[in-house]
Amino acid sequence: MTNTPANPRQIDPRQIANAALSSRWAKPIVFALALVPLFWTVWLAYSGELGAEPILESVKQSGLWALRFLLIALAVSPLRMLTGVAALARFRRMIGLFAFFYASVHLSVYVGLDQFFDWPAIGKEILKRPYITIGMGAFVILSALAATSTNGMVKRMGGKRWRILHKGVFLAGLAGCLHFILLVKGWQTSPLVYAALCVGLLAFRRWPLRLPTTRARQRLAPGL
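Residues numbered from 1 in each chain as written. Predicted model: local features only at pLDDT ≥ 70, side-chain atom pairs only at ≥ 80, totals over all residues. Heavy atoms only, no water.

1. Quick look at the overall build of the protein chain
Point 1. A tally of regular secondary structure across the protein chain gives 11 helices and zero strands.
Point 2. Element order for the protein chain, N to C, with α for helix and β for strand: α-α-α-α-α-α-α-α-α-α-α.
Point 3. Classification of the 224 residues of the protein chain by burial places 33% in the buried group.
Point 4. Look at the contacts in the protein chain between residues 6 or more apart in sequence, and 72% of them connect residues 24 or more apart. (Helix = DSSP H or I, 4+ residues; strand = E, 2+ residues; numbered from the N terminus. Buried < 20%, exposed > 50% of the residue type's maximum accessible area, 1.4 Å probe, protein only. Contact = heavy atoms within 4.5 Å.)

Written out as structure tokens, the structure is:
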């Protein structure tokens with residue numbers, strides 16, 4: 001008696017992805033991976049491989065990773081809707097907090113190592129240079145979002161007010177991209193790519209798309 005092979009159409013990759021992302025090890029692994037850029041930058045600084053201006057390079061790298069994590073956090077909901085992998089939502093808060101963490105590192109290196117805590121000079125820079133003004137605005141927004149990210153704050157604020165406040169993440173993303181565009185000299189491709197991704201994610205939130213469900217795909221698939 002021969003065994004009948006399983007119908008490959010009955011295997012849903014989304015179930016495998018949801019099971020993997022829902023495991024107890026998924027969050028610790030993502031947490032550890034999110035720290036890799038920090039340790040890598042520290043190692044490069046320690047080994048003298050951050051270039052001729054290691055402090056400025058540290059400021060740049062931490063700022064880039066803050067923006068990257070912010071865009072990844074913004075991409076979680078679109079990816080969840082497009083792929084049907086609901087477990088992705090488990091990581092949105094963590095990734096958003098890592099965006100704030102790297103933004104804090106970015107600001108700390110600038111204030112402590114680049115400016116040596118010269119507060120009057122820092123204040124003048126914020127007022128004088130638009131890209132610093134915009135960057136500080138983005139950091140203030142991220143600070144407010146990080147401070148209200150706990151379940152307790154959701155209960156205190158109420159779901160409606162909390163959701164309104166946390167829509168500011170898109171404003172922070174746009175401000176971060178504009179900060180990057182104004183920071184670089186001349187028109188470079190990479191800041192524009194980040195800005196296009198942010199605008200695309202904002203557009204997706206306004207006009208979301210969804211892929212057909214498994215049952216719908218089965219109805220549309222041709223018979224065997």
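Let us keep going from here.
2. Details of the pattern of salt bridges
Point 1. Evaluation of the coordinates by the stated rule reveals one salt bridge.
Point 2. Measuring nitrogen to oxygen at the nearest pair gives 2.6 Å for the salt bridge that ties R129 to E125.
Point 3. For R129, a relative accessible area of 31% translates into the label partly exposed. (Salt bridge = Lys/Arg side-chain N within 4 Å of Asp/Glu carboxyl O.)

3. A word on a positive patch on the surface
Point 1. Residues R92, K160, R163, K167 and R205 make up a contiguous surface patch of positive charge.
Point 2. Inspection of the secondary structure assignment puts R205 in helix α10 (residues 189-206). (Patch = residues over 30% accessible without salt bridge, like charges linked within 9 Å, V, L, I, M, F, W, Y side chains within 5 Å. Areas by Shrake-Rupley, 256 points an atom, 1.4 Å probe, with all protein chains shown as cover. Lys, Arg positive; Asp, Glu negative; His and termini not counted. Charge placed at Lys NZ, Arg CZ, Asp CG, Glu CD.)

4. Quick look at the environment of G135
Point 1. For G135, the location among the structural elements is in helix α6 (residues 130-147).
Point 2. Separated by 45 residues in the primary sequence, G135 and F180 have C-alpha atoms spaced 8.4 Å apart.

5. A closer look at a nonpolar patch on the surface
Point 1. Together, W25, I29, L33, V36, W40, W43 and Y46 make up a nonpolar patch on the protein surface, roughly 910 Å² of accessible area in all.
Point 2. Relative to the assigned elements, I29 resides in helix α2 (residues 26-46).
Point 3. Here I29 falls in the partly exposed class, since its relative accessible area comes to 49%.

6. As for the packing of α2 against helix α4 (residues 92-114)
A pair of packed helices is characterised by two quantities: the angle between their axes and the separation of those axes.
Point 1. Where α2 contacts α4, the axes come no closer than 11 Å and their chain directions differ by 20°. By the angle class used here, α2 and α4 are roughly parallel. As for the relative orientation of α2 and α4, their crossing is right-handed in sense. Contacts between α2 and α4 pair K27, V30, F31, A34, L35, P37 and L38 from the former with M94, F98, F101 and Y102 from the latter. (Axes fitted to C-alpha atoms, helices over the stretch in contact; angles between N-to-C directions. Parallel < 35°, antiparallel > 145°, perpendicular 65-115°, else oblique. Left-handed = near helix turned anticlockwise from the far one by under 90°.)

7. Looking at the packing of aromatic side chains
Point 1. Taken as a whole and assessed by the stated rule, the structure comprises 11 aromatic pairs.
Point 2. Where W65 meets F69, the ring centres are 5.9 Å apart and the plane angle is 45°; that geometry is what we call tilted. Of this pair, W65 and F69 both sit in helix α3 (residues 54-83), four residues apart, which is roughly one turn of the helix.
Point 3. Three or more aromatic residues joined by ring pairs make a cluster, and in this case those are F31, W65, F69, F98, F101 and Y102.
Point 4. Note that R24 overlies the ring of W25, its terminal NZ or CZ placed 5.2 Å from the centroid.
Point 5. Positioned over the ring face of W65 is R68, at 4.6 Å from the centre of the ring. (Phe/Tyr/Trp six-rings, centres within 6.5 Å; stacked < 30°, edge-to-face > 60°. Lys NZ or Arg CZ within 6 Å of the ring centre and 35° of its normal.)

Limitation: the analysis is restricted to geometry and does not speak to function.
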